[in-house]
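Analysis of the macromolecular model
Spelled out from the first residue to the last, the chains are:
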Amino acid sequence: MVLDVRRRSATASMVEDLEGDWHQLRVLDTRAQQAGTVALDDALRTLLRRAGPSVAMPSTEVEACLRTPEAALALLHQMRQRVTEGSRRMSDALHRMYRLRDQGDLDGARQQMRDLLAVEVVPYYRELAQGQLADLD
């Protein structure tokens, strides 16, 4: 039981960190899109490096984009898009899954998560979909 509490606590902390980084990505991307540029400073570099794995961006790609403000701006926007689109896909798939499950169509409900897993790249959303799929078994 103690292990489960620690695991849940560590998971909650990880999700809070992830949400914090993703919130920063959204805020910075909105500002940068309005301004048409981004200040490529140490704080932004650190955020993009830290957020890269959470949106399935290879570190080599992140590093390459940290060379110019224009490339960093494009990277920031792409990271935000992955989060936004993944969230939308996850939400839509969950709604369909719950509807099908409630109608007694467990195969159809499972297929919703399988379809999501076929296209989703963001590790957090993939993990959620895998958990939902396991819960349907």
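Presented here is an overview of the structure given in this document. (Residues numbered from 1 in each chain as written. Predicted model: local features only at pLDDT ≥ 70, side-chain atom pairs only at ≥ 80, totals over all residues. Heavy atoms only, no water.)

Side note on the pattern of salt bridges
- For the structure shown, the criterion picks out nine salt bridges.
- Two residues, Arg 88 and Asp 92, come together in a salt bridge whose shortest N-O distance is 3.8 Å. Taken together, the residues span about one helical turn, with Arg 88 and Asp 92 both in helix α4 (residues 69–102) at a distance of four residues.
- Assessed through its relative accessible area of 32%, Asp 92 is described here as partly exposed.
- Arg 110 is the salt-bridge partner of Asp 137, the closest N and O atoms lying 3.0 Å from each other. Note that Asp 137 is positioned in the segment after α6 (123–136) and Arg 110 in helix α5 (residues 106–119), a separation of 27 residues in sequence.
- For Asp 137, a relative accessible area of 69% corresponds to the exposed category.
- In this structure Arg 110 comes out as buried when scored by relative accessible area, which is 13%.
- One network of salt bridges, in which partners are shared, links Asp 107, Arg 110 and Asp 137. (Salt bridge = Lys/Arg side-chain N within 4 Å of Asp/Glu carboxyl O. Helix = DSSP H or I, 4+ residues; strand = E, 2+ residues; numbered from the N terminus. Buried < 20%, exposed > 50% of the residue type's maximum accessible area, 1.4 Å probe, protein only.)

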